[in-house]
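These are the residues of each chain, in order.
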Amino acid sequence: MELESIKKIYAGYSNVYDVIFKGFFYPRIKHAIHSMGIAAGDKILDVGVGTGLSLPLFPRSCKVIGIDLSGAMLKKARQKVKKLNLDHIELLEMDAMNLHFPDNAFDKVFISHVVSVVPDPYRMMSEVKRVCKKGGRIVIVNHFKSKNKVMAGMEKIFNPVSKRIGWRSDLCLDEFIKKAHLKVDKKYKLKKIDLWHVIFATNNK
Ligand SMILES: C[S@@+](CC[C@H](N)C(=O)[O-])C[C@H]1O[C@@H](n2cnc3c(N)ncnc32)[C@H](O)[C@@H]1O
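Let me sum up the structure you'll find in this document.

### Observations regarding the overall build of the protein chain
What the protein chain contains, in helices and strands, is 6 helices and 7 strands. Radius of gyration (C-alpha) of the protein chain: 16 Å, near the 17 Å computed for a compact globule of 205 residues. For the protein chain, the spread of C-alpha atoms along the principal axes amounts to about 45 × 35 × 30 Å. Sorting the 205 residues of the protein chain into buried and exposed places 39% on the buried side. Taking the intrachain contacts of the protein chain between residues at least 6 apart in sequence as the baseline, contacts between residues at least 24 apart amount to 70%.

As structure tokens, this is what we get:
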């Protein structure tokens, strides 16, 4: 997907995103943030923050910067920040594949439901590793191709459609970990049958 089409798709979603997706996405977002081991004073980057479903979950004792390509999604996130008085959160319009931060700027990076959306997830991961401190934590929530052959076949067939509605469904988890050179500490699904993985990695740059 090209950046311009991603912007258009998510501009279209922005008003209805929470209504459609919160029920599906929120339980893993909540679990992942509560399990990230956030310490007081931590500087955290939320990549592809979207409408900011994650934002109320970050403790006020840390500093969070949320970035997103879509101004329309960020507008919704800004409304949450204002309504809930989330003074510890800053939101910036930015491409995850070209982060405007210095090296080693963050203690932890959170990336939820974005790996399958960006045009080049490996370029994004290389940027994430650059801006995260060595030994810092990278936490990913994402859908990956099923290991069940029937499901994987259906995901492959569905992929052109899913790309048109905003993400790819054919990304293989093992290949992603290998190509992104991720040092994974743990990866699991929240439920036995679940479409999304939660991945905790240590930045091993
Ligand atoms: C499925 S939404 C996930 C939003 C949020 N993280 C969540 O879990 O609800 C994907 C988000 O990634 C953003 N996105 C896509 N490509 C991006 C890029 N190259 N840089 C920054 N954000 C991007 C989209 O604008 C959208 O807000």
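### Things to note about helix α2 (residues 17-34)
Given 3.6 residues per turn, any residue in an α-helix points the same way as the ones three and four places further on. The sharpest bend along α2 reaches about 55° and sits at G23, with the proline P27 one to four residues further on. Those residues of α2 that sit buried are Y17, R28, I29, A32 and I33. Considering only its buried residues, α2 is in contact with α1 (3-13), α3 (71-83), β4 (106-112), β5 (132-143) and β7 (196-202).

### Things to note about the sheet that holds strand β3 (residues 89-93)
On the basis of which strands lie adjacent, the open sheet formed by 7 strands has the order β3-β2-β1-β4-β5-β7-β6 and mixed pairing. Every interior strand has two partners, whereas the edge strands, β3 and β6 (183-188), have only one. Geometrically, the sheet is characterised by an average inter-axis angle of 20° between neighbouring strands, direction not taken into account. Two strands pair when backbone bridges link them, and β4 and β5 are joined in this way by 6 bridges, in the parallel orientation. Its bridge partner being in β5, I111 is matched across the sheet by I140.

### Quick word on the pairing of strand β2 (residues 63-68)
Burial runs high along β2: 5 of the 6 residues are buried. Of the pairings in the sheet, the one linking β2 to β3 comprises 5 bridges and is parallel in character. Bridge pairing links V64 to I89 in β3. Following the chain from β2 across α3 to the adjacent parallel β3, one finds a crossover that is right-handed.

### Considerations on the site of the ligand
Around the ligand sit 21 residues in total, of which G48, G50, S70, A96 and S112 are the nearest. Counting only elements with at least two residues in the shell around the ligand, the list comes to α1, α2 and β2. By residue class, the composition of the shell around the ligand is 14 nonpolar, 5 polar and 2 charged.

### So, the nonpolar core
In terms of nonpolar packing, the biggest core is built from 53 residues, with A32, V47, V109, F110, I111 and V128 touching the most fellow members. It is β5 that provides the largest number of residues to this core, a total of 5 residues. Residues within four places of V128 in sequence aside, it is in contact with V47, V109, I111 and I138.

### Digging into the environment of V117
Mapped onto the elements of the fold, V117 is located in the loop between β4 and α4 (121-131). Counting along the chain gives 115 residues from V117 to E2, while the straight-line C-alpha distance between them is 9.9 Å.

### With respect to α4
Taken together, the buried positions of α4 are P121, M124, M125, V128, K129 and V131. Its buried side turned inward, α4 meets β1 (43-47), β4, β5 and α6 (173-179).

What counts, and at which threshold
Residues numbered from 1 in each chain as written. Predicted model: local features only at pLDDT ≥ 70, side-chain atom pairs only at ≥ 80, totals over all residues. Helix = DSSP H or I, 4+ residues; strand = E, 2+ residues; numbered from the N terminus. Rg over C-alpha atoms; globule rule 2.2 N^0.38 Å. Buried ≥ 20, exposed ≤ 12 C-beta atoms within 10 Å, placed from the backbone. Contact = placed C-beta atoms within 7 Å. Bend = angle between axes of the 7 residues up to and from the residue. Pairing = 2+ DSSP bridges. Axes fitted to C-alpha atoms, helices over the stretch in contact; angles between N-to-C directions. Right-handed = clockwise from strand over helix to strand, strands pointing away. Near = placed C-beta within 6 Å. Nonpolar A, V, L, I, M, F, W, Y, C, P; charged D, E, K, R; others polar. Core = buried A, V, L, I, M, F, W, Y, C linked by C-beta atoms within 7 Å.

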